Amino acid sequence: AVFATWFATLFPITGIMTTGTFIADRLVLPCTVASSIFVAKGLVHWMMFAQHYNNHRAEPPSRGKMGMVRSILLVCCVMALLSQLARQTFRTTKSWMTRFDNLSMTLRTCPNSVKGNLEFGMLHLQPEQIGPKLQPATAIRYFDKALMRNNNFCQVNFYKALAHQHLNEWELYEKHMAKAIPCEETMHYAIQYWQNYWNMQFSQQHAHVGNNQAVKEFLKQNFQVQMEAIQRDLVVAVEDWNAHIDNVQERLDAAVVYRGILAGIQYG
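As the structure is a prediction and not an experimental result, all values here were calculated from the model.

Focus on the overall build of the protein
Each helix and strand counted, the protein has 12 helices and zero strands in total. In sequence order, the protein lays out its α and β elements as α-α-α-α-α-α-α-α-α-α-α-α. Counting all 268 residues of the protein, 31% fall into the buried class. Residue pairs in contact within the protein that sit at least 24 positions apart in sequence constitute 52% of those at least 6 positions apart. Carbon and sulfur atoms provide 60% of the accessible area of the protein, an area that totals close to 17,400 Å².

Okay, structure coming up:
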C-alpha cells in the first residue's frame, strides 16, 4: 500500500495532464528505494528457502557443488545489476549539474511536457547556456511542441515571439506577441515590446515612405486589426484575472490597460 501510494504522488510527472509548476523527474529516483527493498527482501527469502531446502535433503557431492555454482552466479548477477544501477545513478546525478543536461533528461523522460519544452526552448535564446550563438530556429521547434499541447500558454507565445524577432519574421512576431499581452504573467513585458515594435514601425514609415498614403494606410489598418483582437482578448483575460482577486484595488480594468497600450504608441 505504501509503495502504491508513493507512485500515486508521482502522477504529475507523467505529462498526462498540464501542471502549473515544473516538476523535475529527479523525484522518480527515491521510489527506487522502495523497489530495492522489495527486491532485496525477495532475494533473501529465496536464498533462505534454498538453504533450508538443501539442509533437509541428502545431496550427492556433485549437486552440492552445483548449488555453490548457482549461488556464485546469483551473486555475480546481483553485483552486475548493482553496478549497472550505480552507473545509471551517476549519469542521472551528473545530468543535474547543468540546466541544459537537466532539461535534456527531463524531455527524454517526459517529451510532451509543456513546461519542459518551454524551458528548453528558452535555453536556446540564452547564449551563456548553449554557446556563443543564439539558436532561435531550434527554440521555435520546442515552442511549437509546447503549443501543440497548450495553444494558450502565454509564456510560450511570448518567447516564441522573441525567437521570431531574432529571425526577422515580423508577421509571426506580431501574432505571438499579441497573444502574450492579455496574460497577467507576460503582460508587463509584452506591452513594452509591443509598444517599441510599433513605434519603430511608424518611425521607419515616416523616414522612408514619406507621403505615400497607401503604405501609411496599410500599416495603420494592420495595427488597428491587431489592437482590436488584443482588446477582445483583454476583456476575457481581465475578467478571469479579477475573478481570482479578492482585493478590489488590485483588480484590473481592461479599458484602462488598453488605453495604456495605445498611449505608448505614436501611430498618428
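Describing the packing of helix α11 (residues 213-243) against helix α12 (residues 254-263)
Taken N-terminus to C-terminus, the directions of α11 and α12 make an angle of 150°; their axes are 9 Å apart at the nearest point. It follows that α11 is roughly antiparallel to α12 by the angle criterion. At the point where α11 passes α12, the crossing takes the right-handed sense. Residues Phe223, Met227, Ile230, Gln231, Leu234, Val235 and Val238 of α11 form the contact with α12, whose own contacting residues are Ala254, Val257, Tyr258, Ile261 and Leu262. Its residues placed into classes, the contact of α11 with α12 shows 11 nonpolar, one polar and no charged.

As for helix α7 (residues 136-149)
Taking 1.5 Å per residue as the helical rise, α7 with its 14 residues ought to reach 20 Å, and the 20 Å between its terminal C-alpha atoms agrees with that figure. Taken residue by residue, α7 has Pro136, Thr138, Ala139, Ile140, Tyr142, Phe143, Ala146 and Leu147 as its buried positions. Contact partners of the buried residues in α7: α4 (99-109), α5 (114-123), α8 (154-166) and α9 (170-180).

Some thoughts on the nonpolar core
Core analysis: the largest hydrophobic core is formed by 26 residues, its most contacted members being Met177, Trp194, Trp198, Ile230, Leu234 and Ile261. Only α8, α9, α10 (187-208), α11 and α12 provide two or more residues apiece to this core. A per-element tally of this core places α10 first, with seven residues. If sequence neighbours within four positions are ignored, Leu234 has contacts with Pro182, Met187, Ala254, Val257, Tyr258 and Ile261.

Things to note about the side chain of Glu174
Tracing the backbone shows Glu174 in helix α9. Although Glu174 is buried, it forms no salt bridge, and the closest oppositely charged side chain is Lys175 at an N-O distance of 11 Å. Side-chain polar atoms of Glu174 contact the side chain of Tyr197, separated by 2.4 Å. If sequence neighbours within four positions are ignored, Glu174 has contacts with Trp194, Tyr197, Trp198, Asn222 and Gln226.

Each value, and the rule that gives it
Residues numbered from 1 in each chain as written. Predicted model: local features only at pLDDT ≥ 70, side-chain atom pairs only at ≥ 80, totals over all residues. Heavy atoms only, no water. Helix = DSSP H or I, 4+ residues; strand = E, 2+ residues; numbered from the N terminus. Buried < 20%, exposed > 50% of the residue type's maximum accessible area, 1.4 Å probe, protein only. Contact = heavy atoms within 4.5 Å. Areas by Shrake-Rupley, 256 points an atom, 1.4 Å probe, with all protein chains shown as cover. Axes fitted to C-alpha atoms, helices over the stretch in contact; angles between N-to-C directions. Parallel < 35°, antiparallel > 145°, perpendicular 65-115°, else oblique. Left-handed = near helix turned anticlockwise from the far one by under 90°. Nonpolar A, V, L, I, M, F, W, Y, C, P; charged D, E, K, R; others polar. Expected span 1.5 Å × (residues − 1). Core = buried A, V, L, I, M, F, W, Y, C linked by side-chain atoms within 4.5 Å. Lys, Arg positive; Asp, Glu negative; His and termini not counted. Salt bridge = Lys/Arg side-chain N within 4 Å of Asp/Glu carboxyl O. Polar contact = N/O pair within 3.5 Å; in protein donor to acceptor, adjacent residues only side chain to side chain.

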